[in-house]
Amino acid sequence: MDFLLYMCALKGIPDKQGKKRALELLSIVNLSDAKEKKIGALSGGMRQRVGIVQAMLGDPEILILDEPTAGLDPSERIRFRNLISKFAQGRTVLLATHIVSDVECIAKEIMILKDGSLITQGTTDTLEQNIYGKVWEVTVNGEDATRLGSQYYVSNMKQQGERFLVRIVSDMLPASDAVKVSPNLEDVFLYYFCG
């Protein structure tokens, strides 16, 4: 609470209003019980939640988050994504992350940057549609799976008994028996970053 009140002072939020807002936000992120603890005593997920409370104190119209779920365990990541979605109502949230599942769950519009330049943007559906016909699956033996992995961008390889189901992102047919499949957002990122 001391940290949050200090942040309120820096943001020009009056003491009484700041404390009320801090308590309200701590309740939303389920940290009311930890309000008197030192930040150093909190877990990584709890610290992330304190960070979003701090960012939301002044009720900003634009919220910029850089890798907000990095280092969190899966359940805490899901919880934090849900918080971001909740806080996104009525404001613009810029989320910088390499965690594709976060993007899928949170973003309405995705902008893909590579080497500091915008290379494409759109909704998840639009981006996936843009690479339709460039994602393939083929079932092969272990030797062919290794060969395909060295020749193409493999977004997934799943063992099925003695054989492997290999998912490949490629402009060209990677094997005579490969079939086109619907792209997902991971395929999109692989296509633009590795292609």
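Residues numbered from 1 in each chain as written. Predicted model: local features only at pLDDT ≥ 70, side-chain atom pairs only at ≥ 80, totals over all residues. Heavy atoms only, no water.

**Student:** Outline the overall build of the protein chain, listing residues and values.
**Tutor:** Helices and strands together make up the secondary structure of the protein chain, namely eight helices and eight strands. With the C-alpha coordinates aligned to their principal axes, the bounding extent of the protein chain is approximately 70 × 35 × 25 Å. Residues classed as buried in the protein chain amount to 39% of the 195 residues present. Contacts spanning at least 24 positions in sequence make up 60% of the contacts within the protein chain whose residues lie at least 6 apart. Carbon and sulfur atoms provide 50% of the accessible area of the protein chain, an area that totals close to 11500 Å². In the protein chain, 23 positive and 25 negative side-chain charges are present, and the distance between their average locations comes to 8 Å. (Helix = DSSP H or I, 4+ residues; strand = E, 2+ residues; numbered from the N terminus. Buried < 20%, exposed > 50% of the residue type's maximum accessible area, 1.4 Å probe, protein only. Contact = heavy atoms within 4.5 Å. Areas by Shrake-Rupley, 256 points an atom, 1.4 Å probe, with all protein chains shown as cover. Lys, Arg positive; Asp, Glu negative; His and termini not counted. Charge placed at Lys NZ, Arg CZ, Asp CG, Glu CD.)

**Student:** Residues and numbers for the nonpolar core, please.
**Tutor:** Counting 27 residues, the largest nonpolar core has Leu4, Val29, Leu31, Ile52, Val53, Leu57 and Phe87 as the members making the most contacts within it. Elements represented by at least two residues in this core include exactly helix H1 (2-10), helix H2 (15-28), helix H3 (44-56), strand S1 (62-66) and helix H4 (74-87). Among the elements that line this core, the one with the most residues is H3, at six residues. Sequence-distant contacts of Val53, that is, excluding residues within four places in its chain, are made with Leu4, Leu25, Leu26 and Val29. Membership of the second largest hydrophobic core comes to 15 residues, among which are Val100, Val169, Leu185 and Phe189. (Core = buried A, V, L, I, M, F, W, Y, C linked by side-chain atoms within 4.5 Å.)

**Student:** Could you give me a rundown of the sheet that holds strand S8 (residues 179-180), with the residues and numbers involved?
**Tutor:** Here four strands make up an open sheet; going across it, the order is S6-S7-S5-S8 and the pairing antiparallel. Whereas interior strands pair on both sides, the edge strands pair on one side only; in this sheet they are strand S6 (153-160) and S8. In the packing of helix H7 (residues 142-151) onto the sheet, the strands contacted are strand S5 (135-140), S6 and strand S7 (163-169), and the crossing angle to S5 comes to about 150 degrees. In the packing of helix H8 (residues 185-194) onto the sheet, contacts are made with S5, S6 and S7, and the angle to S6 comes to roughly 135 degrees. (Pairing = 2+ DSSP bridges. Axes fitted to C-alpha atoms, helices over the stretch in contact; angles between N-to-C directions.)

**Student:** Before we move on, can you summarise a nonpolar patch on the surface with the specific residues and values?
**Tutor:** Judged by side-chain polarity, Phe3, Tyr6, Leu10 and Ile39 come together as a nonpolar surface patch covering roughly 390 Å² of accessible area. Within the secondary structure, Tyr6 sits in helix H1. (Patch = residues over 30% accessible without salt bridge, like charges linked within 9 Å, V, L, I, M, F, W, Y side chains within 5 Å. Salt bridge = Lys/Arg side-chain N within 4 Å of Asp/Glu carboxyl O.)

**Student:** Any details on H3? Residues and values, ideally.
**Tutor:** Its 13 residues place the ends of H3 19 Å apart at the C-alpha level, agreeing with the 18 Å of an ideal helix rising 1.5 Å per residue. Gly45, Met46, Arg49, Val50, Ile52, Val53, Ala55 and Met56 are the residues of H3 that are buried. The elements touched by buried residues of H3 are H1, H2, S1 and H4. (Expected span 1.5 Å × (residues − 1).)

**Student:** Quick one: what's the story with unusual backbone geometry, residue by residue and with numbers?
**Tutor:** The phi dihedral of Asp59 falls on the positive side, at around 50 degrees, and the residue is not glycine. Among the secondary structure elements, Asp59 is positioned in the loop between H3 and S1. Phi at Glu67 takes a positive value of approximately 50 degrees, unusual for a residue other than glycine. Tracing the chain through its elements places Glu67 in the loop between S1 and H4.

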